[in-house]
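Coordinate analysis (summary)
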Amino acid sequence: MLYSKFISAGLLSVVASATVVPRGLFAKDSLVRRDIVDTIISEDEHWAEANIANYGPEFFTSHLAGQNPDLLYIGCSDSRVPSDVFMNATLGEVFTHRNIANSIVLGDPNTMSVIDYALVHLNVSTIAITGHTGCGGVKASMDPEELEKSIKTFIKPITRLYQKNKSYIDALPTDAERQSFLVQLNVMRLVRLASNLKTVTERWEKGLPLVIHGLVYRMENGTLHDLNVTVSSKGQFDELYYPPLKAQGLEFCACS
Ligand SMILES: [Zn+2]
């Protein structure tokens, strides 16, 4: 739970079987594999009933008037990185956007409309741009030739980031370290990019609070790590974080 009194009932079954890794609802080798949609409808029914039993109908009805989340989460679509689960968030707490490799692409109306809506209409005060270890999108960006055109186009900014910093990244000892470093560098690039977006800078010019964080989720142990490139005013990234990166020979633009 992030802020409210409610707990995420969906986690209770996971906690209860601490010594056994949950098999999941849709295990492909299940002896009696139910239809997936039947399964999610049935599981949702249990979840709704459990929350009403525990907290009363206001668990749902208290949200009917509208949403007022404080956090915009931008993360990867990867099924192993379910943000509301690992943040233990409940209803109304997180405005979420997930896509391939937690990207912000300037020409993409999907991502840009989510950011603009969150800032202008929901008055969100915090953005968490969150990469993750083992990201398939970041890995693919290092060798994108065989990819479908849609994916290749979408992750092109990460491919450019890799190519621009190739000598530094390729000098790292293992594939895992190279990919992990590119995940982190990409999040830093996105924090810089986000801090230059029109709706972001307008918010700062109006004196409204807004903090942008760069985070990485570690799939190895389920923990979330702060890259310490937090910005809360215009030009802060370029002033505090970019010079040390440049001094190491690393570079990226505030564009996509
Ligand atoms: Zn990913």
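Residues numbered from 1 in each chain as written. Predicted model: local features only at pLDDT ≥ 70, side-chain atom pairs only at ≥ 80, totals over all residues.

In the nomenclature of an unreviewed UniProt entry, the chain corresponds to Carbonic anhydrase from the organism Zancudomyces culisetae. In UniProt, the chain has this text filed under Sequence similarities (unreviewed entry): "Belongs to the beta-class carbonic anhydrase family." Turning to the chain, the UniProt record has this under Catalytic activity (unreviewed entry): "hydrogencarbonate + H(+) = CO2 + H2O". (UniProt positions renumbered as here; feature names shortened; annotations may be inferred.)

The next thing to look at is helix α5 (residues 109-121). One full turn of an α-helix is made of 3.6 residues, so residues set three or four places apart face in the same direction. Here α5 has its buried residues at I115, A118 and L119. Seen along its axis, α5 keeps its buried residues to an arc of 90°; they face one direction. Along α5, exposed side chains directed more than 90 degrees from the buried face belong to P109, N110, S113, V120 and H121. Where α5 is buried, its residues touch β1 (71-76), β2 (94-99) and α11 (198-205). Where α5 ends, the next residue or the one after it, N123, has phi of about 60°, a positive value. (Buried ≥ 20, exposed ≤ 12 C-beta atoms within 10 Å, placed from the backbone. Helix = DSSP H or I, 4+ residues; strand = E, 2+ residues; numbered from the N terminus. Arc of directions from axis to C-beta. Contact = placed C-beta atoms within 7 Å.)

Glancing now at unusual backbone geometry. Here the phi dihedral of A101 falls at roughly 60°; this positive angle occurs in a residue that is not glycine. Locating A101 in the fold gives a position in the loop between β2 and α5. Despite not being glycine, N228 has its phi angle at roughly 55°, a positive value. As for its position among the elements, N228 is in the loop between β5 (223-226) and α12 (236-247). Taking the number of C-beta atoms within 10 Å as the measure of exposure, N228 has 11 and is therefore exposed.

Turning to α12, a few remarks are in order. With twelve residues, α12 extends 17 Å from end C-alpha to end C-alpha; this agrees with the ideal 16 Å at 1.5 Å per step. One or two residues past the end of α12 sits G249, with phi positive at roughly 90°. (Expected span 1.5 Å × (residues − 1).)

In this section: the UniProt feature "binding site: Zn(2+)" (unreviewed entry) in the chain. The feature "binding site: Zn(2+)" (unreviewed entry), as given by UniProt, occupies C76, D78, H132 and C135 in the numbering adopted here. Judged by maximum C-alpha separation, these annotated positions cover 60 residues in sequence but sit close together in space, the widest gap being only 9.1 Å. With 18 C-beta atoms packed within 10 Å, D78 lands in the partly exposed category. On the secondary structure map, C135 appears in the loop between β3 (126-132) and α6 (136-141). C135 sits in the buried class, given 26 other C-beta atoms within 10 Å. Those residues within four positions of C135 in sequence are excluded, and the remaining contacts are C76, D78, A101 and V183.

Its location among the elements puts L210 in the loop between α11 and β4 (211-218). Sequence spacing of L210 and V231 is 21 residues, and the spatial spacing of their C-alpha atoms is 8.4 Å.

As a further point, take the packing of α5 against α11. For the pair α5 and α11, the least separation of the axes is 9 Å and the interaxial angle reads 15°. By the angle class used here, α5 and α11 are roughly parallel. Remark: the crossing between α5 and α11 carries left-handed chirality. Between α5 and α11, the residues in contact are I115, D116, L119 and V120 and T199, V200 and R203, respectively. (Axes fitted to C-alpha atoms, helices over the stretch in contact; angles between N-to-C directions. Parallel < 35°, antiparallel > 145°, perpendicular 65-115°, else oblique. Left-handed = near helix turned anticlockwise from the far one by under 90°.)

Let us now look at the pairing of β4. Here β3 pairs with β4 via seven bridges, running parallel. Bridged to H132 within β4 is Y217. Looking at chain direction, β4 and β5 are connected through four bridges and run antiparallel. Its bridge partner lying in β5, Y217 is registered against L224. Between the antiparallel neighbours β4 and β5 lie four residues, among them G222 with a positive phi of about 75°. (Pairing = 2+ DSSP bridges.)

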